[in-house]
Amino acid sequence: KSIVILVSGRGSNMEAIVRAGLAGARISAVISNRADAKGLEFAAAHGIATAVVDHKAFASREEFDAALAGAIDAHRPDLVVLAGFMRVLTDGFVRHYEGRLLNIHPSLLPAFPGLHTHRRALEAGVRVHGATVHFVTPTLDCGPVVIQAVIPVLPDDDEDSLSARVLKHEHRIYPQAVRWFVEERLSISAQGRVLLRDEV
Ligand code: GRF
(Lines give C-alpha, C1' and ligand atoms only; values in the text may rest on other atoms or scores of the structure.)
Protein backbone atom coordinates (compact mmCIF):
# COMPACT_ATOMS: atom_id res chain seq x y z
CA LYS A 1 0.00 0.00 0.00
CA SER A 2 1.21 3.47 -0.89
CA ILE A 3 0.90 6.04 1.91
CA VAL A 4 1.37 9.81 1.64
CA ILE A 5 1.76 11.74 4.90
CA LEU A 6 1.01 15.48 5.20
CA VAL A 7 2.75 17.53 7.89
CA SER A 8 3.06 21.20 8.80
CA GLY A 9 5.61 21.12 11.58
CA ARG A 10 7.46 18.84 13.98
CA GLY A 11 6.22 15.63 12.40
CA SER A 12 6.54 13.37 15.41
CA ASN A 13 3.42 11.40 14.45
CA MET A 14 4.77 10.93 10.93
CA GLU A 15 8.03 9.74 12.50
CA ALA A 16 6.15 7.22 14.67
CA ILE A 17 4.39 5.83 11.58
CA VAL A 18 7.66 5.59 9.61
CA ARG A 19 9.46 3.96 12.55
CA ALA A 20 6.65 1.42 12.96
CA GLY A 21 7.91 -0.17 9.72
CA LEU A 22 4.47 -1.47 8.80
CA ALA A 23 4.54 -4.62 6.68
CA GLY A 24 2.86 -4.11 3.32
CA ALA A 25 3.08 -0.32 3.59
CA ARG A 26 5.39 2.07 1.79
CA ILE A 27 5.62 5.71 2.83
CA SER A 28 5.74 7.13 -0.70
CA ALA A 29 6.06 10.78 0.24
CA VAL A 30 5.91 13.33 3.02
CA ILE A 31 4.38 16.61 1.86
CA SER A 32 4.26 19.89 3.78
CA ASN A 33 2.64 23.29 3.25
CA ARG A 34 5.66 24.83 4.97
CA ALA A 35 9.24 24.58 3.69
CA ASP A 36 10.55 24.88 7.28
CA ALA A 37 8.58 21.93 8.65
CA LYS A 38 10.96 19.91 10.83
CA GLY A 39 9.34 16.70 9.71
CA LEU A 40 10.71 17.11 6.17
CA GLU A 41 14.28 16.67 7.44
CA PHE A 42 13.48 13.36 9.11
CA ALA A 43 11.69 12.11 5.99
CA ALA A 44 14.53 13.09 3.66
CA ALA A 45 17.08 11.51 5.99
CA HIS A 46 15.07 8.28 5.74
CA GLY A 47 15.08 8.28 1.95
CA ILE A 48 11.43 9.30 1.65
CA ALA A 49 10.43 11.66 -1.18
CA THR A 50 9.45 15.09 0.12
CA ALA A 51 7.59 18.00 -1.43
CA VAL A 52 6.41 21.45 -0.36
CA VAL A 53 3.16 22.99 -1.56
CA ASP A 54 3.15 26.46 -0.01
CA HIS A 55 -0.39 27.60 0.70
CA LYS A 56 0.77 31.25 0.57
CA ALA A 57 1.53 30.85 -3.14
CA PHE A 58 -2.15 30.34 -3.99
CA ALA A 59 -4.98 32.86 -4.19
CA SER A 60 -7.67 30.54 -2.86
CA ARG A 61 -8.17 27.36 -0.83
CA GLU A 62 -9.48 25.65 -3.97
CA GLU A 63 -6.30 26.39 -5.92
CA PHE A 64 -4.08 25.31 -3.03
CA ASP A 65 -6.03 22.09 -2.54
CA ALA A 66 -5.88 21.32 -6.27
CA ALA A 67 -2.09 21.74 -6.29
CA LEU A 68 -1.80 19.69 -3.10
CA ALA A 69 -3.95 16.90 -4.54
CA GLY A 70 -1.75 16.90 -7.65
CA ALA A 71 1.39 16.45 -5.55
CA ILE A 72 -0.27 13.70 -3.51
CA ASP A 73 -1.77 11.81 -6.44
CA ALA A 74 1.60 11.65 -8.21
CA HIS A 75 2.33 8.95 -5.60
CA ARG A 76 -0.90 7.01 -6.26
CA PRO A 77 -1.77 6.72 -2.57
CA ASP A 78 -4.05 4.10 -1.07
CA LEU A 79 -4.06 6.18 2.11
CA VAL A 80 -3.40 9.83 2.93
CA VAL A 81 -2.41 10.55 6.53
CA LEU A 82 -2.77 14.01 8.08
CA ALA A 83 -0.15 14.27 10.82
CA GLY A 84 -0.20 17.74 12.31
CA PHE A 85 -1.28 19.21 8.98
CA MET A 86 -2.59 22.63 9.95
CA ARG A 87 -4.70 23.63 6.95
CA VAL A 88 -8.46 23.31 6.70
CA LEU A 89 -9.24 21.31 3.56
CA THR A 90 -12.03 22.03 1.07
CA ASP A 91 -15.00 19.69 0.72
CA GLY A 92 -13.87 18.79 -2.79
CA PHE A 93 -10.45 17.70 -1.53
CA VAL A 94 -11.95 15.67 1.31
CA ARG A 95 -14.44 13.96 -1.01
CA HIS A 96 -11.65 13.08 -3.46
CA TYR A 97 -9.97 11.06 -0.66
CA GLU A 98 -13.16 9.71 0.90
CA GLY A 99 -12.50 6.57 2.95
CA ARG A 100 -8.73 6.90 2.57
CA LEU A 101 -7.96 10.08 4.53
CA LEU A 102 -7.05 9.82 8.23
CA ASN A 103 -6.39 12.54 10.81
CA ILE A 104 -5.24 12.58 14.41
CA HIS A 105 -6.75 15.11 16.78
CA PRO A 106 -5.43 15.75 20.30
CA SER A 107 -8.69 15.33 22.24
CA LEU A 108 -11.38 12.76 22.85
CA LEU A 109 -13.67 13.78 20.00
CA PRO A 110 -16.41 14.95 19.86
CA ALA A 111 -15.05 16.95 22.82
CA PHE A 112 -12.79 19.88 21.94
CA PRO A 113 -12.63 20.04 18.15
CA GLY A 114 -10.39 22.81 16.80
CA LEU A 115 -7.29 24.36 18.38
CA HIS A 116 -5.79 24.55 21.91
CA THR A 117 -7.39 21.31 23.00
CA HIS A 118 -5.18 20.72 26.07
CA ARG A 119 -5.75 24.22 27.46
CA ARG A 120 -9.48 23.89 26.90
CA ALA A 121 -9.58 20.46 28.55
CA LEU A 122 -7.85 21.91 31.64
CA GLU A 123 -10.21 24.89 31.70
CA ALA A 124 -13.23 22.61 31.43
CA GLY A 125 -11.97 20.54 34.36
CA VAL A 126 -12.45 17.19 32.62
CA ARG A 127 -10.94 14.17 34.41
CA VAL A 128 -10.01 12.28 31.26
CA HIS A 129 -8.51 13.51 28.02
CA GLY A 130 -6.71 11.93 25.08
CA ALA A 131 -6.44 11.67 21.33
CA THR A 132 -8.57 10.44 18.44
CA VAL A 133 -7.73 9.01 15.03
CA HIS A 134 -10.65 9.50 12.65
CA PHE A 135 -11.54 9.34 8.98
CA VAL A 136 -11.79 12.86 7.58
CA THR A 137 -15.17 14.12 6.41
CA PRO A 138 -16.03 17.66 5.26
CA THR A 139 -16.94 18.88 8.79
CA LEU A 140 -13.74 19.67 10.72
CA ASP A 141 -12.73 17.09 13.38
CA CYS A 142 -15.98 15.24 12.92
CA GLY A 143 -15.42 12.04 10.92
CA PRO A 144 -15.93 8.41 12.01
CA VAL A 145 -13.69 7.48 14.94
CA VAL A 146 -11.12 4.72 14.34
CA ILE A 147 -9.28 4.58 17.68
CA GLN A 148 -8.95 6.69 20.82
CA ALA A 149 -6.48 6.83 23.68
CA VAL A 150 -7.77 7.90 27.09
CA ILE A 151 -5.53 9.30 29.80
CA PRO A 152 -6.34 10.77 33.22
CA VAL A 153 -5.95 14.51 33.78
CA LEU A 154 -3.75 14.82 36.90
CA PRO A 155 -4.30 17.49 39.58
CA ASP A 156 -1.04 19.31 38.84
CA ASP A 157 -1.18 19.02 35.05
CA ASP A 158 -0.46 22.08 32.92
CA GLU A 159 -0.77 22.41 29.14
CA ASP A 160 2.78 21.13 28.58
CA SER A 161 2.61 18.08 30.83
CA LEU A 162 -0.82 17.11 29.51
CA SER A 163 0.11 17.54 25.83
CA ALA A 164 3.31 15.54 26.32
CA ARG A 165 1.41 12.62 27.84
CA VAL A 166 -1.24 12.72 25.12
CA LEU A 167 1.45 12.85 22.42
CA LYS A 168 3.03 9.59 23.66
CA HIS A 169 -0.30 7.90 23.11
CA GLU A 170 -0.73 9.54 19.70
CA HIS A 171 2.51 7.82 18.71
CA ARG A 172 0.95 4.50 19.70
CA ILE A 173 -2.55 4.80 18.24
CA TYR A 174 -1.71 6.42 14.89
CA PRO A 175 0.59 3.62 13.68
CA GLN A 176 -2.04 1.16 14.95
CA ALA A 177 -4.80 2.79 12.88
CA VAL A 178 -2.57 2.87 9.79
CA ARG A 179 -1.70 -0.80 10.34
CA TRP A 180 -5.41 -1.71 10.42
CA PHE A 181 -5.98 0.21 7.20
CA VAL A 182 -3.04 -1.47 5.47
CA GLU A 183 -4.35 -4.87 6.61
CA GLU A 184 -7.70 -3.92 5.02
CA ARG A 185 -9.49 -4.39 8.33
CA LEU A 186 -11.07 -0.92 8.45
CA SER A 187 -14.29 0.03 6.73
CA ILE A 188 -17.19 2.43 7.25
CA SER A 189 -20.71 1.13 7.86
CA ALA A 190 -23.85 2.45 6.17
CA GLN A 191 -24.47 4.43 9.38
CA GLY A 192 -21.09 6.07 8.99
CA ARG A 193 -19.41 4.17 11.83
CA VAL A 194 -16.03 2.53 11.61
CA LEU A 195 -16.03 -1.26 11.39
CA LEU A 196 -12.89 -3.09 12.46
CA ARG A 197 -12.58 -6.68 11.27
CA ASP A 198 -10.86 -9.29 13.43
CA GLU A 199 -7.36 -10.35 12.57
CA VAL A 200 -7.34 -13.42 10.32
C1 GRF B 1 -0.37 16.52 17.32
O2 GRF B 1 -0.71 16.79 18.66
C3 GRF B 1 -1.61 16.20 16.52
O4 GRF B 1 -2.57 15.52 17.25
C5 GRF B 1 -2.11 17.57 16.15
O6 GRF B 1 -0.96 18.34 15.92
C7 GRF B 1 0.15 17.78 16.62
C8 GRF B 1 1.19 17.47 15.60
O9 GRF B 1 2.39 17.00 16.17
N10 GRF B 1 -3.02 17.47 15.03
P11 GRF B 1 3.50 16.33 15.24
O12 GRF B 1 3.76 17.31 14.10
O13 GRF B 1 2.96 15.02 14.76
O14 GRF B 1 4.70 16.18 16.11
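Here the structure is a predicted model, which means the values were calculated and not measured.

Notes on the nonpolar core
Next, step 1: Ranked by internal contacts, the top residues of the largest apolar core, which has 50 residues, are Ile5, Val30, Val81, Ala83, Leu102 and Val178.
Next, step 2: The dominant element in this core, judged by the number of residues it contributes, is helix H6 (residues 159–182), at seven residues.
Next, step 3: Ignoring any residue separated from it by four or fewer positions in sequence, one finds Val178 in contact with Ile3, Ile17, Leu22, Ala25, Leu79 and Val81.

A closer look at unusual backbone geometry
Next, step 1: Omega for the peptide link from Leu109 to Pro110 comes to 10°, which places this bond in the cis form.
Next, step 2: Tracing the sequence through the fold places Pro110 in the loop between strand S5 (101–105) and helix H5 (117–124).

Considerations on the sheet that holds strand S2 (residues 26–32)
Next, step 1: Reading across the sheet, the seven strands line up as S3-S2-S1-S4-S5-S6-S7 and stay open at both edges, with mixed pairing between neighbours. Each edge of the open sheet carries a strand with a single partner, namely strand S3 (49–52) and strand S7 (145–152). Averaged over all pairs of adjacent strands, the angle between strand axes in this sheet comes to 20°, irrespective of strand direction.
Next, step 2: Sheet topology note: the strand S1 (residues 2–7)/S2 ladder contains six bridges and is parallel. In the sheet register, Val7 faces S2, and the bridge partner there is Ser32.
Next, step 3: This element, H6, spans S1, strand S4 (79–82), S5, strand S6 (128–135) and S7 of the sheet and lies at about 30° to S6.

Quick word on the UniProt feature "binding site: (6R)-10-formyltetrahydrofolate" (unreviewed entry) in the protein
Next, step 1: Within this structure's numbering, the places UniProt gives as "binding site: (6R)-10-formyltetrahydrofolate" (unreviewed entry) are Arg61 and Asn103.
Next, step 2: Within the secondary structure, Arg61 is located in helix H3 (residues 61–73).
Next, step 3: The class of Arg61 is partly exposed, set by 15 C-beta atoms lying within 10 Å.
Next, step 4: Residue position: Asn103 is located in strand S5.
Next, step 5: You can call Asn103 buried: it has 24 C-beta atoms within 10 Å.

Side note on the environment of Ala37
Next, step 1: When you line up the elements, Ala37 lands in the loop between S2 and helix H2 (38–45).
Next, step 2: Along the chain, Ala37 and Val52 lie 15 residues apart, while their C-alpha atoms are 9.3 Å from each other.
Next, step 3: The contacts of Ala37, once residues within four sequence positions are left out, are Val7, Ser8, Gly9, Gly11 and Ser32.

Observations concerning the site of the ligand
Next, step 1: With respect to spatial proximity, 14 residues lie near the ligand, and among them Arg10, Ser12, Asn13, Gly84 and Pro106 are the closest.
Next, step 2: At the level of elements, helix H1 (12–19), S5 and H6 are the ones that each hand at least two residues to the shell around the ligand.

A few points about the UniProt feature "site: Raises pKa of active site His" (unreviewed entry) in the protein
Next, step 1: Here the UniProt feature "site: Raises pKa of active site His" (unreviewed entry) sits at Asp141.
Next, step 2: Inspection of the secondary structure assignment puts Asp141 in the loop between S6 and S7.

Things to note about the environment of Trp180
Next, step 1: If you trace the backbone, Trp180 turns up in helix H6.
Next, step 2: Distance in space between the C-alpha atoms of Trp180 and Leu196 is 7.9 Å, their sequence separation being 16 residues.
Next, step 3: Ignoring any residue separated from it by four or fewer positions in sequence, one finds Trp180 in contact with Arg185, Leu186 and Leu196.

About the cut-offs
Residues numbered from 1 in each chain as written. Predicted model: local features only at pLDDT ≥ 70, side-chain atom pairs only at ≥ 80, totals over all residues. Core = buried A, V, L, I, M, F, W, Y, C linked by C-beta atoms within 7 Å. Buried ≥ 20, exposed ≤ 12 C-beta atoms within 10 Å, placed from the backbone. Helix = DSSP H or I, 4+ residues; strand = E, 2+ residues; numbered from the N terminus. Contact = placed C-beta atoms within 7 Å. Pairing = 2+ DSSP bridges. Axes fitted to C-alpha atoms, helices over the stretch in contact; angles between N-to-C directions. UniProt positions renumbered as here; feature names shortened; annotations may be inferred. Near = placed C-beta within 6 Å.

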